[in-house]
Amino acid sequence: MDVYFDNAATTKIIPEVREIMLETMDVEYGNPSSMHKMGVGAEKYIRYAREVISRQLKCEASEITFTSGGTEANNLALIGTALANQRAGKHIITTGIEHASVYNPILYLQDLGFRVTFLKVDSSGKVDLEDLRQSLCEDTILVSTMAVNNEIGTIEPIEEIAHIVKEYNPNIVYHVDAVQAFGKMILYPKRLGVDVLSMSGHKIHGPKGSGALFVDSRVKIKPVLYGGGQEKGLRSGTENTAAIAGMGKAVEIIYGRMDENKSRMEQVKRTLIEGALQLQDVTNHSGEAPHIASLSFKGVRSEVLLHALEDKGICVSAGSACSSNHPAVSGVLKAIGLEKDLLESTLRFSFSEFNTVEEAEYTVKVLGELLPVLRRFTRK
């Protein structure tokens with residue numbers, strides 16, 4: 001049996017997405033900025049995707065900017081808002097468990113002279129709200145947190161965070177990295193108090209190289225790419241019509257069956273965790289997100305177990321895929337206070353609508369066979 005449990009890294013494109021992408025490449029392949037009919041034909045796909053996404057977020061279509069993915073969306077959100085608002089202050093607040101596409105732009109801004117506060121999180125990975133209250137100051141211009149942690153699946157209290165931030169100063173920009181939440185839960189940024197929100201297409205069965213950024217019309221933001229002024233001047237460069245159309249179609253379909261998918265993923269996750277905890281020396285530190293499970297297997301290095309599972313047809317991750325080619329101890333696992341002997345023994349299992357309970361049961365069976373053997377080998 002082949003099992004793909006690495007959907008937090010990327011997902012399989014669904015047939016409807018492939019079809020609309022082929023239309024834009026084979027038929028409506030004009031430059032969407034061109035004035036002739038081929039350009040107009042291409043532009044309608046971008047307008048369609050913008051409207052689909054704005055409907056799901058309950059915002060204006062004009063508040064959606066397309067990017068090349070979640071990384072670019074996060075960079076634009078952070079660097080663009082920081083530079084646009086620096087006259088009001090140069091203090092940024094984030095957490096120690098953010099994705100690299102947030103953490104590294106924040107470090108870049110720190111190099112530019114911005115002061116950064118990294119909030120503590122509790123043992124489940126949730127932001128310390130009292131630490132947030134104590135960290136806000138007159139110089140604070142930007143707060144950035146993720147909605148769902150990409151390694152352990154913690155759902156952050158973004159509405160409470162927004163309330164604290166806006167109560168202190170309504171002019172502070174609150175950015176949410178929603179890459180792991182988009183398509184998995186209902187997100188209405190304006191109702192939540194979120195000013196800027198990042199999304200990605202390839203986490204929800206859309207194409208790689210597709211992403212979007214919600215920016216409230218009241219927020220000041222500078223572009224980080226300059227050129228022909230596409231996307232209302234916020235993201236220059238000829239739009240990737242195929243990727244944008246594919247993302248729009250994925251959003252339309254996935255949100256249409258979100259409840260069904262969530263229930264299926266929760267069942268797969270529950271089966272895997274309950275089965276794995278029956279095995280010796282297995283620890284669960286999974287958050288509430290339906291599509292991510294994080295388990296530690298004491299006495300076995302994660303890379304060793306990962307490849308042993310791969311040999312049995314099971315694909316999982318040893319943390320964020322963005323750093324999987326350069327194994328290191330996870331900052332997220334450190335931040336939640338995981339025991340030292342478990343830091344390098346943790347795997348992430350992540351699910352999609354294509355996964356089944358039978359796959360989870362097979363994975364538990366394989367784990368039961370592999371763990372005693374690998375532990376004996378490790379002790380030697």
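See above for the structure.
This text gives an overview of the structure that appears in the document. These numbers were taken from a predicted model, which means no experiment stands behind them. (Residues numbered from 1 in each chain as written. Predicted model: local features only at pLDDT ≥ 70, side-chain atom pairs only at ≥ 80, totals over all residues. Heavy atoms only, no water.)

## Points about the overall build of the protein
The cut-off we apply is this: Every helix listed is a DSSP run of H or I at least four residues long, and every strand listed is a run of E at least two residues long, numbered separately from the N terminus. C-alpha atoms define the radius of gyration, and 2.2 Å times the number of residues to the power 0.38 defines the globule rule. Only protein chains enter the area calculation, which uses a 1.4 Å probe; residues under 20% of their type maximum are buried, those over 50% are exposed, and those in between are partly exposed. Every accessible area reported is derived by Shrake-Rupley at a probe size of 1.4 Å, with residue values counting cover from the shown protein chains alone.
Looking only at helices and strands, one finds 13 helices and 12 strands in the protein. For the protein, whose C-alpha radius of gyration is 21 Å, the value lies close to the compact-globule estimate of 21 Å for 380 residues. Dimensions of the protein along its principal axes, counting C-alpha atoms only, are 65 × 55 × 35 Å. A buried classification covers 57% of the 380 residues belonging to the protein. A total accessible area of about 16,600 Å² is found for the protein, and carbon and sulfur atoms account for 50% of it.

## Some details on the sheet that holds strand E7 (residues 196–200)
Selection rule: Whether two strands pair depends on DSSP finding at least two bridges between them. Between N-to-C directions, angles cover 0 to 180 degrees, with each direction set by a line fitted to C-alpha atoms, over the stretch in contact for helices. The contact criterion used is simple: two residues touch if any of their non-hydrogen atoms lie within 4.5 Å.
Strands sit in the order E2-E8-E7-E6-E5-E3-E4 across an open sheet of seven strands; the sheet is mixed. Strands with a single pairing partner mark the edges of an open sheet, and in this sheet they are strand E2 (64–67) and strand E4 (115–119). On average, each strand axis in the sheet is tilted by 20° relative to the strand beside it, whichever way the strands run. Here helix H6 (residues 158–168) sits on the sheet and contacts strand E5 (140–146) and strand E6 (173–177); the angle it forms with E6, its principal contact strand, is near 165°.

## Notes on unusual backbone geometry
Residue His-205 is not a glycine yet carries a positive backbone phi of 75°. Note that His-205 resides in the loop between E7 and strand E8 (211–215). Positive phi values are uncommon outside glycine, yet Lys-232 reaches one of about 60°. Residue classification places Lys-232 among the exposed positions, given a relative accessible area of 53%.

## Some points on the sheet that holds strand E10 (residues 292–297)
Strands pair in a sheet through their backbones, by hydrogen bonds, and they do so in one of two ways: parallel or antiparallel. A sheet is described by the order of its strands in space; here three strands give the open sequence E9-E10-E12, paired in antiparallel fashion. Of all the strands in the sheet, the pair left with one neighbour each is strand E9 (282–284) and strand E12 (346–350). The mean inter-strand angle of the sheet, taken between neighbouring strand axes irrespective of direction, is 30°. Examined bridge by bridge, E9 and E10 share three bridges and lie antiparallel to one another. Bridging across to E10, Val-282 finds its partner in Phe-297. Where helix H9 (residues 258–276) meets the sheet, it contacts E9, E10 and E12, and its direction lies at approximately 10° from that of E10. Its contacts with the sheet place helix H10 (residues 302–311) against E10 and E12, and it is angled at close to 40° to E12.

## A word on the nonpolar core
Nonpolar side chains tend toward joint burial in soluble globular proteins. Applicable threshold: Here, the term nonpolar core denotes a set of buried Ala, Val, Leu, Ile, Met, Phe, Trp, Tyr and Cys residues that are joined through side-chain atoms within 4.5 Å.
Grouped together as the largest cluster of nonpolar side chains are 51 residues, with contacts concentrated most on Ile-53, Leu-57, Ile-64, Phe-182 and Met-199. Contributions of two or more residues to this core are made by helix H1 (15–26), helix H2 (37–57), E2, H6, E6, E7, E8 and helix H8 (241–256). Ranked by residues supplied to this core, first place goes to H8 with nine residues. In this structure, Ile-273, Leu-309, Ile-314 and Tyr-362 belong to the second largest nonpolar core, which totals 29 residues.

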